[in-house]
Amino acid sequence: MGKKVLILSGSPRKGGNSDTLCDQFLLGAADAGNEAEKIFIRDKNIKYCLACGTCYAKKEACVHHDDMTGIIEKMINADVIVMATPAYFYAMSGQMKVLIDRTIARFLEIRDKDMYFILTAHNDEKASAERVMEGFKGYMACLPGAKEKGVVYGLGVFDAGEIKTHPAMQEAYETGKSV
Ligand SMILES: Cc1cc2nc3c(=O)[nH]c(=O)nc-3n(C[C@H](O)[C@H](O)[C@H](O)COP(=O)(O)O)c2cc1C
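Rules behind the numbers
Residues numbered from 1 in each chain as written. Predicted model: local features only at pLDDT ≥ 70, side-chain atom pairs only at ≥ 80, totals over all residues. Heavy atoms only, no water. Near = heavy atom within 4 Å. Polar contact = N/O pair within 3.5 Å; in protein donor to acceptor, adjacent residues only side chain to side chain. Areas by Shrake-Rupley, 256 points an atom, 1.4 Å probe, with all protein chains shown as cover. Helix = DSSP H or I, 4+ residues; strand = E, 2+ residues; numbered from the N terminus. Nonpolar A, V, L, I, M, F, W, Y, C, P; charged D, E, K, R; others polar. Core = buried A, V, L, I, M, F, W, Y, C linked by side-chain atoms within 4.5 Å. Buried < 20%, exposed > 50% of the residue type's maximum accessible area, 1.4 Å probe, protein only. Contact = heavy atoms within 4.5 Å. Phe/Tyr/Trp six-rings, centres within 6.5 Å; stacked < 30°, edge-to-face > 60°. Lys NZ or Arg CZ within 6 Å of the ring centre and 35° of its normal.

### Digging into the site of the ligand
1) Next: In the neighbourhood of the ligand, 16 residues make up the surrounding shell, with S11, N17, S18, A87 and N123 lying closest.
2) Next: With respect to the ligand, the backbone of N123 contributes an N or O atom lying 2.7 Å from an oxygen atom.
3) Next: In isolation the ligand has 640 Å² of accessible area, and contact with the protein removes 81% of it.
4) Next: Contributions of two or more residues to the shell around the ligand are made by α1 (17–31) and β4 (114–121).
5) Next: Considering only residue class, the shell around the ligand consists of eight nonpolar, seven polar and one charged.

In structure tokens, the structure reads:
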């Protein structure tokens, strides 16, 4: 039976380099018979965490009523979670970080996930992209049973679309196919 694959596309640039790699990953995952869905985070209404404690201290529903309710539910129900971001000042994009912070309401329920990452950057040195991965590794350390299964690097690309001739295109497709 196919797996539920949730792809969180974290660039603000739709059709940009990381978003294009997300589409390749999705194609591969779907071709292998999985149920794959991509969420383009920028299209969603996600307010940032206020650290008010309503969810984690009072154990009540989040004070925000926005798209994050449904996204957390999808993260909990997925077998595979893919997080994609461009390098922004050697960190993940703001959109992705806001999403991650909002999972504080239910992150302990995001259990036993196979995690994949897609990173794009202008700098073509892998060591630089590893800095971006550090943020994701910290998040994975908080999710019970999360396993890092793969990272697709699209390095040395700046303008939207540059990725189309990059070997990462095939790699993203094959990685998606192998989940
Ligand atoms: C605000 C901003 C910050 C960036 N910071 C970095 C960086 O720290 N290192 C790097 O290699 N590229 C950096 N870049 C370049 C992007 O990572 C690169 O253009 C990437 O391909 C964008 O992916 P996207 O098309 O998915 O948005 C930055 C771009 C922007 C707009």
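### Quick look at the nonpolar core
1) Next: Counting residues in hydrophobic clusters, the biggest one holds 32 residues, and the most contacted among them are L8, M75, M83, L99 and F136.
2) Next: For this core, the secondary-structure elements that each account for two or more residues are β1 (4–9), α2 (68–77), β3 (80–86), α3 (94–102), β4, α4 (126–142) and β5 (147–155).
3) Next: At six residues, the largest contribution of residues to this core is made by α4.
4) Next: Here L8 is in contact with I39, I41, I71, M75, I81, V82, M83, A84, M96 and L99, once residues within four sequence places are set aside.
5) Next: With 18 residues, the next largest nonpolar core counts I7, F25, V82 and V157 among its residues.

### Some remarks on the packing of aromatic side chains
1) Next: Taken as a whole, this structure holds two aromatic pairs when the rule is applied.
2) Next: Ring centres of F117 and F136 lie 4.8 Å apart, and the angle between their planes is 35 degrees; this geometry places the pair in the tilted category. Pair noted here: F117 is in strand β4 and F136 is in helix α4, with a separation of 19 residues, a long-range link. The residues F117 and F136 share a single accessibility class, namely buried.
3) Next: Its end group placed over the ring of Y90, R131 keeps NZ or CZ at 4.7 Å from the ring centre.

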